[in-house]
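Listed below, chain by chain, are the residues.
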Amino acid sequence: MRAISRREFVTGASTVLGGIVFSGERMLHANPLGLPIGCQTWPVRTMIASDFPGTLKQLAAAGFQSIEMCSPVGYADSGFGGLRKYSGSEIRKIVEDAGLTCVSSHFSLNELRKDQQGRIAWAKDAGLTQMLVASLSGAKNPTMDDVKRAADEYNRIGERAAAAGIVQGLHNEDFEMTTVNGQRTYDLLFQLLDPKFVQFQFQVSTISAGFDAAEYFTRYPGRFISMHVQGWSSQSRSIVPVGQDSLDWKKIFTAAKTGGIKNYFVEMDLPLMKASVPYLRQLQV
């Protein structure tokens, strides 16, 4: 939590203390949805490769309270491979020692295809309750049969995860952004993926391609587990800090309640992530 600003001593000590308590309570409840402010670790993968504990402490110092990881196996070539020396329980302790929590991580589809049970075991040791994949990695110009095959496979993955007490989630990148006969593949997946086994994670920056977060949360109530948060400037058509952008965040977070969002993770270059924290701290929904 952000430190409370010093005030000039002009009244009694009890008045100052009362003001401090009030400010602390207001800030505690101002985080949107009452959820911890989280961030994805992908943007700091280079830092993680050289100093995992130190990077987490920097994120905590910046005001983040939770993180979303990337699997050391599936993302070994992206800066997370060095974490394979740690067991899941050791990673959990490092996260907790930094003053953070972590319940979610991205995994590659291939690693789940090869050894899902082993990855579930690792996830449980690490204290995770949510396992995500970035994309179902289908064809660039899929047919309806392509989409059905991808959905059938992921339903089976989700069913095994659910049996182990894990929520399996799907992000929206690449394959999910394609179309089939004029329909968005993403929308088809909401029809084909079983809500008992698969939840969704929304990438807010896909507004650049016409995918509106609030619209999707409202259209598919209860189907979302989390979201990746980016500020988006419609003027410059670029990613900017949250609160310094063109998006209606009150509308997005209000709709997120309908969508079923359980956590959210800011995901941008580190300076932009840091610059987003003050706005999120005071945002009330």
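All values reported here derive from a predicted model rather than from experimental measurement.

Caption draft 1: View of the pattern of salt bridges. Counted according to the given criterion, the structure contains eight salt bridges. Arg119 serves as the salt-bridge partner of Glu111, at 2.8 Å between the closest nitrogen and oxygen. Note that Asp146 is salt-bridged to Arg149, the shortest N-O span being 2.5 Å. Of this pair, Asp146 and Arg149 both sit in helix α6 (residues 144–163), three residues apart, roughly one helical turn. On the basis of relative accessible area, Arg149 is assigned to the exposed category, the value being 53%.

Caption draft 2: Structural context of helix α7 (residues 185–192). Most of α7 is tucked away, with six of its eight residues classed as buried. Along α7, the positions that sit buried rather than exposed are Thr185, Tyr186, Asp187, Leu188, Leu189 and Phe190.

Caption draft 3: Spatial organisation of the packing of helix α4 (residues 88–97) against helix α5 (residues 109–125). Their axes nearest at 7 Å, the elements α4 and α5 cross at an angle of 35°. As for how α4 packs across α5, the hand of that crossing is right-handed. Each of Gly88, Ser89, Ile91 and Arg92 in α4 lies in contact with α5, whose residues at this interface are Trp122, Lys124 and Asp125. Class assignment of the residues belonging to the contact of α4 with α5 gives a composition of two nonpolar, two polar and three charged.

Caption draft 4: Structural context of helix α3 (residues 52–61). Among all positions of α3, only Phe52, Gly54, Thr55, Leu56 and Leu59 are buried. Of the surrounding secondary structure, the elements contacted by the buried residues of α3 are β1 (38–40), α2 (45–50), β2 (66–70), α4 and α10 (270–282). Capping of α3 at its N-terminal end is provided by Asp51; its side-chain oxygen lies 2.9 Å from the backbone amide nitrogen of Gly54. One or two residues past the end of α3 sits Gly63, with phi positive at roughly 110°.

About the criteria used
- Residues numbered from 1 in each chain as written.
- Predicted model: local features only at pLDDT ≥ 70, side-chain atom pairs only at ≥ 80, totals over all residues.
- Heavy atoms only, no water.
- Salt bridge = Lys/Arg side-chain N within 4 Å of Asp/Glu carboxyl O.
- Helix = DSSP H or I, 4+ residues; strand = E, 2+ residues; numbered from the N terminus.
- Buried < 20%, exposed > 50% of the residue type's maximum accessible area, 1.4 Å probe, protein only.
- Axes fitted to C-alpha atoms, helices over the stretch in contact; angles between N-to-C directions.
- Left-handed = near helix turned anticlockwise from the far one by under 90°.
- Contact = heavy atoms within 4.5 Å.
- Nonpolar A, V, L, I, M, F, W, Y, C, P; charged D, E, K, R; others polar.
- Polar contact = N/O pair within 3.5 Å; in protein donor to acceptor, adjacent residues only side chain to side chain.

By themselves these figures say nothing about function.
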